[in-house]
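So the chains spell out like this:
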Amino acid sequence: MTRFRDTVQLALPFLWLGMVVAISLIEAPLKFRAPGVTLPLGLGIGRLVFRALNVAEVILLAGLTVAVLGTSIGTAPWAGIGVLWGVLLTQAAVLRPLLDRRAQLIIDGQRPPASPLHLWYVALELIKIVTLVLLGWSLAGRLLS
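Residues numbered from 1 in each chain as written. Predicted model: local features only at pLDDT ≥ 70, side-chain atom pairs only at ≥ 80, totals over all residues. Heavy atoms only, no water.

Visitor: Would you mind showing me how to read the packing of aromatic side chains here?
Guide: Aromatic ring pairs are described here by two measures, namely the spacing of the ring centres and the angle between the planes. As enumerated under the stated definition, the model contains one aromatic pair in all. Geometrically, the ring pair formed by Phe 50 and Tyr 121 is edge-to-face, given 5.8 Å between the ring centres and 90° between the ring planes. One end of the pair, Phe 50, is in helix 2 (residues 39-68); the other, Tyr 121, is in helix 4 (residues 117-144), and 71 residues separate them in sequence. Residue class for Tyr 121 comes out buried when judged on its relative accessible area of 6%. (Phe/Tyr/Trp six-rings, centres within 6.5 Å; stacked < 30°, edge-to-face > 60°. Helix = DSSP H or I, 4+ residues; strand = E, 2+ residues; numbered from the N terminus. Buried < 20%, exposed > 50% of the residue type's maximum accessible area, 1.4 Å probe, protein only.)

Visitor: I would appreciate a short explanation of a nonpolar patch on the surface in the present structure.
Guide: On the surface, Leu 25, Ile 26, Leu 30, Val 122 and Leu 126 cluster together to form a nonpolar patch covering roughly 420 Å² of accessible area. Mapped by element, the contributors of at least two residues to the nonpolar patch are helix 1 (2-31) and helix 4. Considering every element that reaches the nonpolar patch, the biggest residue donor is helix 1, with three residues. Relative to the helices and strands, Ile 26 is located in helix 1. (Patch = residues over 30% accessible without salt bridge, like charges linked within 9 Å, V, L, I, M, F, W, Y side chains within 5 Å. Areas by Shrake-Rupley, 256 points an atom, 1.4 Å probe, with all protein chains shown as cover. Salt bridge = Lys/Arg side-chain N within 4 Å of Asp/Glu carboxyl O.)

Visitor: Help me understand the nonpolar core, please; the structure alone is not making it clear to me.
Guide: If you look at the biggest cluster of nonpolar residues, it comprises 18 residues, and the most contacted ones within it are Trp 16, Leu 61, Leu 64, Ile 81, Leu 84 and Leu 135. Looking at this core, the elements with two or more residues in it are helix 1, helix 2, helix 3 (75-107) and helix 4. For Leu 135, the residues in contact, after removing those within four places along its chain, are Pro 13, Leu 64, Pro 77, Ile 81 and Leu 84. (Core = buried A, V, L, I, M, F, W, Y, C linked by side-chain atoms within 4.5 Å. Contact = heavy atoms within 4.5 Å.)

Visitor: Teacher, can you tell me more about the pattern of salt bridges here?
Guide: Once the charged atoms of two side chains with opposite charge are near each other, the side chains can pair. For the structure on display, the rule yields five salt bridges. Of the charged contacts in the structure, one is a salt bridge between Arg 47 and Asp 100, with a shortest N-O distance of 3.7 Å. Of this pair, Arg 47 sits in helix 2 while Asp 100 sits in helix 3, placing them 53 residues apart in sequence. Of the two residues examined, Arg 47 and Asp 100, each falls in the buried class. Its salt-bridge partner being Lys 128, residue Glu 125 comes within 2.6 Å of it at the nearest N-O pair. One end of the pair is Glu 125 and the other is Lys 128, both in helix 4 and three residues apart, which spans about a single turn. Across this residue pair, the class does not change: Glu 125 and Lys 128 are buried. Within this structure, Arg 47, Arg 96 and Asp 100 form a network of salt bridges that share partners.

Visitor: Looking at this structure, how should I read the layout of surface pockets?
Guide: Empty pockets left among the atoms are what a rolling probe the size of a water molecule brings to light. Each pocket or cavity is described by its volume, and for the largest pocket that value is around 660 Å³. Residue lining of the largest pocket: 24 residues in total, with Phe 32, Leu 43, Phe 50, Leu 99 and His 118 positioned closest to the centre. Listing elements by their share of the lining of the largest pocket, those giving two or more residues are helix 1, helix 2, helix 3 and helix 4. (1 Å grid on protein atoms, 1.4 Å probe; cavity = no way out; pocket = protein on both sides within 12 Å on 5 of 7 lines; lining within 4 Å. Points joined across faces, edges and corners; volume = space filled by probe spheres on them.)

Fair warning: the whole summary comes from geometry, so function is off the table for now.
Below you can see the structure in the form of structure tokens.
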């Protein structure tokens with residue numbers, strides 16, 4: 001069980017990091033450059049993709065949290081896990097629903113006023129990426145030493 005737990009602790013942060021980079025940094029901006037993809041279509045796709053990503057992220061973070069319970073990972077990794085829970089819950093429960101409403105207005109042909117919500121979401125994505133790198137590095141250092 002210890003070997004499996006160690007593998008999960010090592011793999012999940014980097015798996016999650018790859019998903020966030022692939023979707024948030026690559027797929028999201030590129031879809032709007034594809035031929036024939038209008039703003040409403042791109043927003044509709046984005047809503048589905050980010051909803052699915054958030055579900056996967058909750059599963060990965062819950063799995064990681066369970067995998068580190070009862071182990072002595074130290075304070076820094078626990079702080080990273082706490083930051084990730086805070087970021088993810090803020091994105092999934094607060095920002096994404098607000099962004100979904102704005103996207104729906106645009107899809108329906110309206111023009112909502114300017115809003116900083118997307119910038120806040122992006123800032124949290126960057127915090128998530130940095131935290132995942134540091135957490136993964138920390139856990140790898142502990143497990144591989």
